[in-house]
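Per-entry structural report
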Amino acid sequence: MALKHDWTKEEILDIYNKPFMDLLYEAASIHREHHDPNTVQVSTLLSIKTGGCPEDCGYCPQAARYHTDIEGNDLMSVNQVKAQALRAKASGSSRVCMGAAWRNVKDGEEFDNVLEMVRSINKLDMEVCCTLGMLTENQAARLAEAGLYAYNHNLDTSEDYYKEVISTRGFDDRVATIDNVRKTNVTVCSGGIIGMGESPADRAGMLVALATLNPQPESVPINALVPVEGTPMEEQEPVPIWDMIRMVATTRIVMPETQVRLSAGRTQMSREGQAMCFFAGANSIFAGDKLLTTPNPDVNEDMEMFKMLGLNPQKPFVKKSQPESVAAENSQFQSQNEKPKWSRPGHKIERNLEAQQKAKTKV
Ligand code: SF4
């Protein structure tokens, strides 16, 4: 059956608000039609450049303007990344996702190094994903040529609520980056965060933005906010597990073929809660004791949970074949030294400004 792409917010909100058992049953049934329910893809997220980010994302401890305890790091070397990727492979991950706290990719030595990292992980027969901020068409093509499997760029929340979270870059630019990735063979990973003070309608709004993309993203991470001291969202209440299960189930129903990733916030969830999420259609997790800068369950604990639930880690390249990786010297693409004009809405977000002010008085 052809996938539905004309979802409305009202339709998705109706699904989200269904009686819990009906929602779970429908989601689990759709999940079983499209996926092996006992297989879960395992990704390792590696922060290749941490902290010092110029953006003002209200949930993020890596934003330079807030005062948090995270230790910043310059870009890792290709050898360091390769060593970490080997470790991830040995512990059962099929994918390495490299995250850099950048507003956008800039052509130059650092990006060339990231391209080398992509080549070296591809050579290990692992899926390689990057999350590097906004991206031009040429940069997306260069990543694809190096052998990138997926590019992550989250929409974070609904277009309406986005204005309450970030003021330094626009929602449209996020969509434009996803469009640039779509012009290549690289798969799209895009999702968001719940628990930032948004309403169920905003959660549905985010899913509309994702589910009406054609094709829909191959991967959708659903994060529960991990409030970090010093960020504007430090006092947000934890997301109830029921909301997380509802969100996963709704995502599964509106995007049947997508891999739904249970991402940040798993340390606050019981195994029973996570099992319900897998039943509701989550079929991917991040492994490793850290998710960029926030805590995550230890990989051995996850493997124990998998054993208990009879889940198996997904092998790499099951959904799509391994991309070819072209060596730098044979590349068809040149750095264009582009200076794209990504937007900077610059509106006032009170809680972001307050956190920034607090940080100044702490220094
Ligand atoms: S979420 Fe990404 S872009 Fe936003 S502040 Fe954090 S590192 Fe920067």
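Residues numbered from 1 in each chain as written. Predicted model: local features only at pLDDT ≥ 70, side-chain atom pairs only at ≥ 80, totals over all residues. Heavy atoms only, no water.

Quick word on the overall build of the protein chain
Along the protein chain, the regular secondary structure elements total twelve helices and twelve strands. Since a compact globule built from 363 residues should have a radius of gyration of about 21 Å, the 19 Å found for the protein chain is in line with a globular shape. C-alpha atoms of the protein chain, sized along the principal axes, occupy 55 × 50 × 40 Å. Counting across all 363 residues of the protein chain, residues that qualify as buried make up 57%. Summarising the internal contacts of the protein chain: among those between residues at least 6 apart in sequence, 79% fall at separations of at least 24. With the model as given, the accessible surface of the protein chain reaches about 15900 Å², and the carbon-plus-sulfur share is 50%. Looking at the protein chain, you have 39 positive and 49 negative side-chain charges, and the mean spots of the two groups are 2 Å apart. (Helix = DSSP H or I, 4+ residues; strand = E, 2+ residues; numbered from the N terminus. Rg over C-alpha atoms; globule rule 2.2 N^0.38 Å. Buried < 20%, exposed > 50% of the residue type's maximum accessible area, 1.4 Å probe, protein only. Contact = heavy atoms within 4.5 Å. Areas by Shrake-Rupley, 256 points an atom, 1.4 Å probe, with all protein chains shown as cover. Lys, Arg positive; Asp, Glu negative; His and termini not counted. Charge placed at Lys NZ, Arg CZ, Asp CG, Glu CD.)

What about the nonpolar core?
Across soluble globular proteins, nonpolar side chains have a tendency to be buried as a group. Ile 48, Tyr 59, Met 98, Leu 132, Leu 143 and Tyr 151 are the most contacted members of the largest nonpolar core, which has 91 residues in total. Sequence-distant contacts of Leu 143, defined by excluding residues within four places in its chain, comprise Phe 111, Leu 115, Val 118, Cys 130, Leu 132, Leu 135, Leu 148 and Tyr 151. Formed by seven residues, the second largest nonpolar core is a distinct cluster that contains Cys 97, Cys 129, Phe 286 and Phe 317. (Core = buried A, V, L, I, M, F, W, Y, C linked by side-chain atoms within 4.5 Å.)

Notes on the site of the ligand
Close contacts around the ligand come from Cys 53, Glu 55, Cys 57, Tyr 59, Cys 60, Ala 63, Ala 101 and Arg 169, and that covers them all. Class assignment for the residues of the shell around the ligand results in six nonpolar, no polar and two charged. (Near = heavy atom within 4 Å. Nonpolar A, V, L, I, M, F, W, Y, C, P; charged D, E, K, R; others polar.)

Quick word on the packing of helix α3 (residues 78–90) against helix α4 (residues 109–123)
One can describe the packing of α3 onto α4 by two numbers: an axis separation of 9 Å at closest approach and a directional angle of 30°. By the criterion of interaxial angle, the relationship of α3 to α4 is roughly parallel. Considering only the axes of α3 and α4, their crossing is right-handed. In this structure, α3 uses Val 78, Val 81, Lys 82 and Ala 85 to contact α4, whose residues at the interface are Asn 113, Glu 116, Met 117, Ser 120 and Ile 121. Here the residues of the contact of α3 with α4 sort into five nonpolar, two polar and two charged. (Axes fitted to C-alpha atoms, helices over the stretch in contact; angles between N-to-C directions. Parallel < 35°, antiparallel > 145°, perpendicular 65-115°, else oblique. Left-handed = near helix turned anticlockwise from the far one by under 90°.)

A closer look at the state of the cysteines
Counted under the stated rule, the structure contains zero disulfides. Distance from the sulfur of Cys 189, which forms no disulfide, to the nearest cysteine sulfur (Cys 129) is 5.3 Å. Of the residues examined, Cys 189 reaches a relative accessible area of 1% and is grouped as buried. (Disulfide = S-S within 2.5 Å.)

Quick word on the pairing of strand β2 (residues 95–100)
Most of β2 is tucked away: six of the six residues are buried. Residues of β2 alternate between two faces, with Arg 95, Cys 97 and Gly 99 on one and Val 96, Met 98 and Ala 100 on the opposite face, all of them buried. Bridge analysis of strand β1 (residues 39–49) against β2 gives six bridges, and the strand direction is parallel. Bridge pairing in β2 places Lys 49 opposite Ala 100. Taken together, β1, α3 and β2 constitute a β-α-β crossover, and its handedness is right-handed. Across five bridges, β2 lies against strand β3 (residues 127–131) in parallel orientation. (Pairing = 2+ DSSP bridges. Right-handed = clockwise from strand over helix to strand, strands pointing away.)

Examining the environment of Val 208
Relative to the assigned elements, Val 208 resides in helix α8 (residues 200–211). Residues within four places of Val 208 in sequence aside, it is in contact with Trp 7, Thr 8, Lys 9 and Ile 12.

Side note on the pairing of strand β7 (residues 219–224)
The element β7 is largely enclosed, with a buried count of six among its six residues. Alternating residues of β7 divide into Ser 219, Pro 221 and Asn 223 and Val 220, Ile 222 and Ala 224, and every residue in both groups is buried. Judged from the three bridges that link them, strand β6 (residues 192–194) and β7 form a sheet pairing that is parallel. In the strand pairing of β7, Gly 192 is matched with Ile 222. For the crossover that starts at β6, traverses α8 and ends in the parallel β7, the hand is right-handed. The pairing of β7 with strand β8 (residues 259–262) spans four bridges and is parallel. Paired with Ile 222 across the bridge in β8 is Leu 262.

Quick look at the packing of aromatic side chains
One pass over the structure, following the stated rule, counts four aromatic pairs. On the numbers, 5.3 Å between centres and 85° between planes, the contact of Phe 20 with Trp 242 is edge-to-face. Residue Phe 20 is located in helix α2 (residues 20–34), and its partner Trp 242 is located in helix α9 (residues 241–254); the two are separated by 222 residues in the primary sequence. Given a relative accessible area of 47%, Trp 242 falls into the partly exposed group. A ring pair is formed by Tyr 162 and Phe 171, whose centres lie 5.4 Å apart and whose planes are at 80°; its orientation type is edge-to-face. In this structure, Tyr 162 and Phe 171 share a single accessibility class: buried. In this arrangement the basic side chain of Lys 4 is found over the ring face of Trp 7, its NZ or CZ atom lying 4.8 Å from the centre. One Lys or Arg, Arg 261, reaches over the ring of Phe 286 and ends 5.0 Å from the middle of that ring. (Phe/Tyr/Trp six-rings, centres within 6.5 Å; stacked < 30°, edge-to-face > 60°. Lys NZ or Arg CZ within 6 Å of the ring centre and 35° of its normal.)

Quick look at α8
Counted at 1.5 Å a residue, the expected span for α8 with its twelve residues is 16 Å, and the 16 Å between its end C-alpha atoms agrees. Listed as buried for α8 are Asp 202, Arg 203, Ala 204, Gly 205, Met 206, Leu 207, Val 208, Leu 210 and Ala 211. In this structure, the buried residues of α8 make contact with α1 (9–16), α6 (159–162), β6, β7 and α9. (Expected span 1.5 Å × (residues − 1).)

Limitation: the analysis is restricted to geometry and does not speak to function.
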